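Fold and contact review
Each chain, written out:
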Amino acid sequence: MSPVVWVVTIAGLLAIVAFDLIVIARRKRTVTIKDATRWVLFYVGLAALFGVGLFVFSPGASGGEFVAGYITEYSLSVDNLFVFVIIMARFAVPSLAQDKVLYIGIVVSMLLRAVFILAGAAAIAAASWVFYLFGAFLVYTAVRLALEGDNDETDFQENAVLRGMRRVLPLSHDYDGAKLTTRVDGRRMVTPLVIVIAAIGMANVIFALDSIPAIFGLTQDAYIVLTANAFALMGLRQLYFLIGGLLERIIYLNVGLSVILAFIGVKLIIEALHGSHIDDIGAIHLPHIGILTSLGFIAGTLFITTVASLIKSSYDRRRVEVRIKTDE
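Let us look at the structure shown here. (Residues numbered from 1 in each chain as written. Predicted model: local features only at pLDDT ≥ 70, side-chain atom pairs only at ≥ 80, totals over all residues. Heavy atoms only, no water.)

This brings us to the pattern of salt bridges. In this structure the tally under the stated criterion is seven salt bridges. With a closest N to O distance of 2.9 Å, Asp35 and Arg38 form a salt bridge. Remark: Arg38 and Asp35 occur in helix α2 (residues 33-57); sequence separation between them is three residues, near one turn of the helix. In this structure, the salt-bridge partner of Arg237 is Asp99, at a minimum N-O distance of 2.4 Å. Taken together, the residues span a long stretch of sequence, with Arg237 in helix α9 (residues 236-243) and Asp99 in helix α4 (residues 95-126) at a distance of 138 residues. Both residues of the pair, Arg237 and Asp99, count as buried. Among the ionic contacts, a cluster of salt bridges with common partners joins Asp20, Asp99 and Arg237. (Salt bridge = Lys/Arg side-chain N within 4 Å of Asp/Glu carboxyl O. Helix = DSSP H or I, 4+ residues; strand = E, 2+ residues; numbered from the N terminus. Buried < 20%, exposed > 50% of the residue type's maximum accessible area, 1.4 Å probe, protein only.)

With that settled, consider the pairing of strand β2 (residues 187-190). Bridge count for strand β1 (residues 181-184) against β2 is four bridges, and the pairing is antiparallel. Directly across from Arg183, in β2, lies its bridge partner Arg188. Taking the residues between adjacent antiparallel strands as the criterion, β1 and β2 are bridged by two residues, where Asp185 takes a positive phi near 55°. (Pairing = 2+ DSSP bridges.)

A cluster of nonpolar side chains, Val115, Phe116, Phe137, Tyr140, Ile206 and Leu209, forms an exposed patch at the surface whose accessible area comes to about 570 Å². Secondary-structure elements contributing two or more residues to the nonpolar patch are α4, α5 (130-147) and α7 (193-216). (Patch = residues over 30% accessible without salt bridge, like charges linked within 9 Å, V, L, I, M, F, W, Y side chains within 5 Å. Areas by Shrake-Rupley, 256 points an atom, 1.4 Å probe, with all protein chains shown as cover.)

Within the largest apolar cluster, 94 residues are counted, with the highest numbers of intra-cluster contacts made by Phe66 and Phe231. Among the elements that take part in this core, α7 stands out by supplying 13 residues, more than any other. Beyond its immediate sequence surroundings of up to four residues, Phe231 is in contact with Leu13, Leu46, Ala47, Phe50, Phe66 and Tyr70. (Core = buried A, V, L, I, M, F, W, Y, C linked by side-chain atoms within 4.5 Å. Contact = heavy atoms within 4.5 Å.)

Throughout the structure, instances matching the rule amount to two cavities of 30 Å³ or more. Looking at the largest cavity, its volume works out to about 80 Å³. Along the walls of the largest cavity sit Val17, Asp20, Tyr43, Tyr103, Ile106, Val107, Met110, Leu233, Met234 and Arg237, which together make up its complete lining. Going through the elements one at a time, α1 (3-26), α4 and α8 (222-234) are the ones with two or more residues in the lining of the largest cavity. For the lining of the largest cavity, the element with the highest residue contribution is α4, accounting for four residues. Class assignment for the residues of the lining of the largest cavity results in eight nonpolar, no polar and two charged. Of the voids in this model, the second largest cavity is the one considered here, and its volume is about 40 Å³. Arg27, Val31, Asp35, Ala36, Trp39, Asp99, Arg237, Gln238 and Phe241 are the residues that line the second largest cavity. If you list the elements that add at least two residues to the lining of the second largest cavity, you get α2 and α9. Here the residues of the lining of the second largest cavity sort into four nonpolar, one polar and four charged. (1 Å grid on protein atoms, 1.4 Å probe; cavity = no way out; pocket = protein on both sides within 12 Å on 5 of 7 lines; lining within 4 Å. Points joined across faces, edges and corners; volume = space filled by probe spheres on them. Nonpolar A, V, L, I, M, F, W, Y, C, P; charged D, E, K, R; others polar.)

This brings us to α5. With 18 residues, α5 should reach 26 Å at 1.5 Å per residue; the first-to-last C-alpha distance of 26 Å fits that figure. Three or more residues of α5 are buried, namely Val130, Phe131, Phe134, Gly135, Leu138, Thr141, Ala142 and Leu145. Projection of α5 onto a plane perpendicular to its axis shows the buried side chains occupying an angular sector of 130°, all on one side. Set apart from the buried face of α5 by more than 90 degrees, the exposed residues are Tyr140 and Leu147. (Expected span 1.5 Å × (residues − 1). Arc of directions from axis to C-beta.)

On to the side chain of Ser62, then. By the secondary structure assignment, Ser62 is in helix α3 (residues 62-90). A distance of 3.1 Å separates polar atoms of two side chains, one belonging to Ser62 and the other to Ser58. Those residues in contact with Ser62 that sit more than four places away from it in its chain are Met1, Leu54 and Ile224. (Polar contact = N/O pair within 3.5 Å; in protein donor to acceptor, adjacent residues only side chain to side chain.)

With that settled, consider the packing of α4 against α8. The geometry of α4 relative to α8 is characterised by a closest axis approach of 10 Å and an angle of 160° between their N-to-C directions. Taken together, the axis directions place α4 and α8 in an arrangement best described as roughly antiparallel. By crossing handedness, the relation of α4 to α8 is classed as right-handed. Every residue of α8 that contacts α4 at Ile106, Ser109, Met110, Arg113, Ala114, Ile117 and Ala121 is listed here: Ala222, Val225, Leu226, Asn229, Ala230, Leu233 and Met234. Class assignment for the residues of the contact of α4 with α8 results in eleven nonpolar, two polar and one charged. (Axes fitted to C-alpha atoms, helices over the stretch in contact; angles between N-to-C directions. Parallel < 35°, antiparallel > 145°, perpendicular 65-115°, else oblique. Left-handed = near helix turned anticlockwise from the far one by under 90°.)

What follows concerns unusual backbone geometry. Positive phi outside glycine occurs at Ala92, with the angle close to 50°. Following the sequence through the fold, Ala92 ends up in the loop between α3 and α4.

Laid out in structure tokens, this is it:
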């Protein structure tokens, strides 16, 4: 993409972020399901409009790569929501402050992810062996994720950075609404919201270690990688309020995500082998996996995962209801 397109795109993304901040600043109540639904549709619509723009104005496979990358990043980001729920409960964040906390934490992680994306693009441009590294890492991550089983996350543990912040910052014991700073006995102090924001930002960056190699398996265009990440993260906050309760019913999410990561990891390794002029391994021909095949596989896996999860959750719920009636 030309420098002009980069500048216009970044300016547009910053305008959306600023608009979001104005909405949060004016909101005087907790986010309702209706609010969350409206904003999720808004951000998905923006991503769809951007994708259509790529299909119309950008030659080649940019449009398909963005759609596949966006779906992948959004689906992998759903896994973040489990951690967000744990963090919010662990720190007992007031309901009115949760929207603001998620906004700042996600914006911080967007900036940090941009650095990772540019570094990843530079590494791929400098050395083709990075494909092997990314592919192997994704396959390893897929196996580890599959072995975790259900989506029962362990209790959130503060890392060394958060513990260090507690020691260094003048931290108050109590919240003061949605304020980041407060006064205690005449002394200016920061509220625990600062620690929560740092925790959410770091959680998002840690998850980027999986998702960024995954999207580089679909496209090596830094522009597509950056915009797909940005649109996925911008809609993540509203998704937290919309499907927080539904997350417990998507019990096979880890399985579905592990299948997607393994698929992209294998795809990366095959592409690296093609780049090394290796088209066959013994009698096995290494196929070229196009973007439409990748998109269909990702969408199909997510659909099967969701349907299977809802069927299993409904079945388990009926069994519990029958058991309760029998005991009565």
